[in-house]
2 protein chains.
Amino acid sequence: MVQHNQDVKDRILITADRLFQEQGFNETGINQIISEANIAKASLYYHFKSKEELCVAYLQRRNEIWNKAFYEFLRNKNNKALAAFDFLVERNSMDNFRGCSFLNMLSETSPEKKLVYDEIQNHKSGLLLFFEYELKEKELAYLIYSLFENAIIESKLQRNQEPVYRLKKLAESLIQSKKPSN
Amino acid sequence: MVQHNQDVKDRILITADRLFQEQGFNETGINQIISEANIAKASLYYHFKSKEELCVAYLQRRNEIWNKAFYEFLRNKNNKALAAFDFLVERNSMDNFRGCSFLNMLSETSPEKKLVYDEIQNHKSGLLLFFEYELKEKELAYLIYSLFENAIIESKLQRNQEPVYRLKKLAESLIQSKKPSN
DNA sequence: AATTATATAAACAGACTTGTCTGAATATAT
DNA sequence: ATATATTCAGACAAGTCTGTTTATATAATT
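Residues numbered from 1 in each chain as written. Chains lettered and ligands numbered in written order. Predicted model: local features only at pLDDT ≥ 70, side-chain atom pairs only at ≥ 80, totals over all residues. Heavy atoms only, no water.

## Focus: the relation of the copies chain B and chain A
Condition: Alignment of the copies relies on least squares applied to C-alpha atoms, considering only residues that score at least 70 for pLDDT in both. In this analysis, two residues are considered to be in contact whenever any of their non-hydrogen atoms come within 4.5 Å of each other.
Least-squares fitting of chain B to chain A yields an RMSD of 0.0 Å, with the superposition described by an axial translation of 0.0 Å and a rotation of 180°. Such a combination of turn and shift is consistent with a two-fold rotation axis. Interface overlap between copies: 100% of the residues of chain B at the interface are likewise at the interface in chain A, consistent with a symmetric, same-surface contact.

Listed below in structure tokens is the structure:
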């Protein structure tokens with residue numbers, strides 16, 4: 001039966017999102033996506049002309065979802081730059097230390113795929129902008145951003161939250177020591 | 001003609017090393033390895049019972065090669081913790097911003113492959129130990145280690161050396177401010 | 001001299017890969 | 001009512017993937 005309700009594209013994206021995150025991009029085949037999304041292969045290629053185009057759409061959507069969750073989490077927090085580390089703890093618990101979708105893709109793609117690189121760069125520059133806005137000082141922001149990035153990677157590698165706690169404490173003392181009130 | 005000179009295993013490792021670095025692990029097939037190494041497929045499976053086992057051997061060898069080049073580079077340097085960033089600049093130029101082989105593998109593998117994870121963890125804990133030895137203070141070492149890690153990632157993502165220079169400067173001022181002589 | 005270790009080529013298995021195409025059906029828009 | 005957009009199932013192409021097996025050859029060890 002033809003399901004003509006225009007959520008076909010959504011179902012593709014939702015399923016691809018889940019599978020790319022769970023298994024990685026190269027480990028996920030088109031056939032698995034269409035099978036689990038319950039759509040026809042021709043429908044996928046009607047909406048996306050290649051797997052690479054689906055990849056770009058996936059990263060765009062992931063960026064939107066991530067940002068939404070991120071800023072929602074921070075809404076009622078006092079020190080948002082530090083609370084970012086708490087967000088990371090929450091995400092690690094939810095996704096079993098899967099790490100950053102964008103850094104994962106960075107390792108699975110090549111610089112020739114410019115549109116893919118663009119989406120990764122865009123996500124990361126957005127995150128850096130957040131720290132710059134919160135901390136006012138650019139070099140301090142780059143510093144805390146770096147600790148945040150390494151918190152993602154190190155907690156993925158160690159498969160526990162200790163690196164996040166530890167780097168949050170380091171970030172805290174660095175931010176503190178820059179405060180003019182001290 | 002049978003080449004019975006016991007460098008077959010070496011040729012496999014040398015070729016796999018090159019291809020895994022240039023193309024990534026999952027993007028490199030067994031057939032390409034045997035073809036470019038000029039050996040028979042049965043010879044590969046004589047020395048390595050699976051591609052995963054080859055992966056582990058590759059990471060072990062890569063760790064040895066990396067460490068050798070790293071400590072050789074640092075031998076005549078004064079501030080070795082800071083000179084590590086210069087090493088990174090050199091490597092980026094040589095390998096066209098391919099990034100860290102171990103972090104790349106981290107994104108291409110899964111935690112179920114315990115031996116693979118072990119090699120990645122081993123490499124990174126060795127690097128952290130280096131910073132701890134050089135900087136004496138553990139939390140400072142973890143901080144500089146984090147900047148170093150992000151320098152690898154960010155320069156790969158931006159495909160230029162600016163992040164390395166910038167993070168080296170940040171590292172410098174952080175190390176400076178911890179010195180008791182100030 | 002006999003055994004064992006290492007190497008070869010090449011076929012084979014069985015599954016998977018991305019992407020195209022056909023022919024039909026159903027919606028939506030004009 | 002007619003044109004256009006969307007969806008379907010499923011076959012097909014042309015290749016790739018990891019790994020096994022066979023049968024043979026050579027080198028090293030005992």
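## Looking at the pattern of salt bridges
When the charged atoms of two side chains lie near each other, side chains of opposite charge can form a pair. Basically, it comes down to this: Salt bridges are defined by distance alone: a side-chain nitrogen of Lys or Arg within 4 Å of a carboxyl oxygen of Asp or Glu. Think of it in three bands: with a 1.4 Å probe and only protein chains considered, a residue is buried below 20% of the maximum accessible area for its type, exposed above 50%, and partly exposed in between. Comment: elements are numbered from the N terminus, with helices defined as DSSP H or I runs of at least four residues and strands as E runs of at least two.
Counting across every chain of the model gives 23 salt bridges over all chains. The residue A:K49 makes a salt bridge to A:E53 at a minimum N-O spacing of 3.5 Å. Classification of A:K49 as exposed rests on a relative accessible area of 65%. B:R61 is paired through a salt bridge with B:D17; the nearest N and O atoms lie 3.9 Å apart. You can see B:R61 sitting in helix α4 (residues 51-74) and its partner B:D17 sitting in helix α1 (residues 8-23), a full 44 residues away along the chain. Residue classification places B:R61 among the partly exposed residues on the basis of a relative accessible area of 23%. Exposure remark for B:D17: the relative accessible area of 9% places this residue in the buried category. Linked by salt bridges that have partners in common, A:D17, A:R61 and A:R62 make up one network.

## Describing the domain arrangement of chain A
Residues and elements named next belong to chain A. Rule in force here: As used throughout, domain bounds are those supplied by an automatic or database domain assignment. Two parts placed together each lose some accessible area; with a 1.4 Å probe, that loss summed over both constitutes the buried area. A 3.5 Å cut-off defines polar contacts: any pair of N or O atoms within that distance qualifies, except that in protein one atom must be a possible hydrogen donor and the other a possible acceptor, and neighbouring residues in sequence count only when both atoms are side-chain atoms.
You can read the domains of chain A as domain 1 (1-49) and domain 2 (56-178). Computed from C-alpha coordinates alone, the two centres of domain 1 and domain 2 are separated by 27 Å. Tallying the contact residues gives 11 residues for domain 1 and 8 residues for domain 2. When residues of domain 1 are sorted by the area they lose upon contact with domain 2, L13, D17 and Q21 head the list and together hold 53% of the total. Linking domain 1 with domain 2 are 2 salt bridges. With a shortest N-O distance of 2.6 Å, R62 and D17 are connected by a salt bridge. Applying the counting rule to domain 1 against domain 2 returns 4 residue pairs in polar contact (both at pLDDT 80 or more).

## Describing helix α2 (residues 30-37) of chain A
Residue and element names in this part refer to chain A. What counts, and what does not: To be clear, the arc concerns the directions from the helix axis to the C-beta atoms.
Restricting attention to buried positions, one finds in α2 the residues I30, I33, I34 and A37. Summarising the axial view, the buried residues of α2 lie within an arc of 90°, below the 170-degree limit, and thus occupy one face. After α2 finishes, the residue N38 shows a positive phi value of roughly 55°.

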